[in-house]
Amino acid sequence: MSITSLFALGTLCTLFMGSLFNPIMGIMAYLCVYFLFNPIAWWCQPIMEIIYRPSFIAMIFLTLGCVIHYNKLHWRISKKEMAIYLFGATAWIVTHYSGVLIDHDTIKYLSKLIKTFVFLFLFFRVVYTQERINTVIWTIILCGVFLAYQGHVSGGISTGRLEGVGGNDFSEANALGAFLMSCVALLGFKLFQAPIWKKGLFALGIALMTNAFILTQSRSVFLGLVFATPLPFLKLTKRHKKQLWLYVFCAFLMFSVLVNKSFLDRMGTVDDTVTRIGETNDLFKKETLDRLDFWAASVSMFKDHPMGVGVSNFANIVSEYDPRIIGWDPHNTYVLCYTEIGIIGIIVFLFIIMESFLDLRRVEKFYKLQTVMNDYHLTAISLGTIYIIYVMGSMVTHSMLYTEIIWIYFALSSCLLTTIKNREQFPTVYKSMSLT
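To keep things clear, this report deals only with the structure shown in the data block. (Residues numbered from 1 in each chain as written. Predicted model: local features only at pLDDT ≥ 70, side-chain atom pairs only at ≥ 80, totals over all residues. Heavy atoms only, no water.)

1. As for the packing of aromatic side chains
Then comes step 1: Summed over all chains, the structure comprises 27 aromatic pairs.
Then comes step 2: Between Tyr-109 and Tyr-402, the ring centres sit 5.7 Å apart and the planes meet at 40 degrees, which makes this aromatic pair tilted. Here Tyr-109 is found in helix H6 (residues 104-126), whereas its partner Tyr-402 is found in the loop between helix H18 (374-397) and helix H19 (404-421), with 293 residues between them in sequence.
Then comes step 3: Note on Tyr-109: relative accessible area 27%, which makes it partly exposed.
Then comes step 4: Summarising the aromatic geometry, the rings of Phe-117 and Trp-407 are spaced 5.0 Å apart at their centres and angled 80 degrees between planes, so their arrangement reads as edge-to-face. Note that Phe-117 is positioned in helix H6 and Trp-407 in helix H19, a separation of 290 residues in sequence.
Then comes step 5: By relative accessible area, which is 6% here, Phe-117 ends up buried. (Phe/Tyr/Trp six-rings, centres within 6.5 Å; stacked < 30°, edge-to-face > 60°. Helix = DSSP H or I, 4+ residues; strand = E, 2+ residues; numbered from the N terminus. Buried < 20%, exposed > 50% of the residue type's maximum accessible area, 1.4 Å probe, protein only.)

This is the structure in structure tokens:
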């Protein structure tokens, strides 16, 4: 077994056992497995021979840790958390009672969705202090740096784009690019409070992840970044805006050095077309479709099935509405939601997104009353930036409804608000404002 495999195995075992003493280590173990573990990666294969299902093992140890320390967990449930469980219940009910088909992929994605919400239930219970939120954020950042490094040394670029890095949700270039930029957002806002020597280390990590993002050539993430850029200028204080302008200038210089012609050419061709070969009536015919064709077919599908066609069934029946679209997903998270989970599903999903932004607004409201909450404020801005990257970028042109990372990020805003509500040193502030 290689040194890398031994180190990874030792880290996992340490986190597994540590979760029995502190459940936050179970959260770290699950996140590390989710972000990094790729069964076909050379360093993961020896671990698979010892731990066949590491994510399942992580969930077992996390659950045991929560049972042991149940009296130290946070048991209040917010309305957004209830909405998340309602979404999961709706997906299950729609699939089983009004879904058009239940096949292997349906079971796979429905099980994944339910597993995600079970993890989020434990996540909400464990992550309720500033220290634990920082632990989660640094776990995400370090995993992002590791994936960027893996992308440079062993990533696949046979398609011209960086792929095959990290867990199943990050093996595709666009999903990997979105995650890397979310990690850059989290680490970038750490610069504002870091000493000089740490700023240098953080800058190296940002450069590594940015370069890996450039290799993914993700147009949707680039579009999300364009929409997200104004947010820090609107939210930061005047003192921090001076630093921000300096960081933006340095980032522009870094980007100019790292960017290549292939990336610029691809960003200059942002369109709504998708192409696939060999899946039309003529086996080797190339079919180019506009994303609007997918979305037009989804409207007809929704009219026939307003309660939804069930999880992972869009691709199964979309050809009935447009014969050119055979076995394709809609390339849009919102379209996928209202066609597969139905009208209740899309309403609940949009409510969860809205509440995630409102959670950050409530954190900002508290910050205006207590300037000591600087770390909370910066974390809220970084999460807001991430939400825009996903909500207005990746989720518009790619189907991410069953991707765990978006649900984890949505949960983090609620956890951030919970940490503020739990701070006993500001009781008078709680009474003077509404954080509901």
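2. Details of the pattern of salt bridges
Then comes step 1: Scanning the entire structure with this criterion turns up seven salt bridges.
Then comes step 2: Between Glu-404 and Lys-115 there is a salt bridge; the shortest N-O distance is 3.6 Å. One end of the pair, Glu-404, is in helix H19; the other, Lys-115, is in helix H6, and 289 residues separate them in sequence.
Then comes step 3: Two residues, Glu-355 and Arg-362, come together in a salt bridge whose shortest N-O distance is 3.1 Å. The residues Glu-355 and Arg-362 share a single accessibility class, namely buried.
Then comes step 4: Among the charged side chains, a network of salt bridges with common partners joins Lys-80, Glu-355, Asp-359 and Arg-362. (Salt bridge = Lys/Arg side-chain N within 4 Å of Asp/Glu carboxyl O.)

3. Some thoughts on helix H1 (residues 3-18)
Then comes step 1: Between the first and last C-alpha of H1 there are 22 Å, a value that for 16 residues agrees with the 22 Å anticipated at 1.5 Å per step.
Then comes step 2: Along H1, the residues that are buried comprise Ser-5, Ala-8, Leu-9, Leu-12, Leu-15, Phe-16 and Gly-18.
Then comes step 3: Where H1 is buried, its residues contact helix H2 (23-36), helix H3 (45-48) and helix H4 (54-68). (Expected span 1.5 Å × (residues − 1). Contact = heavy atoms within 4.5 Å.)

These results come straight from atomic positions and should not be treated as a statement about function.
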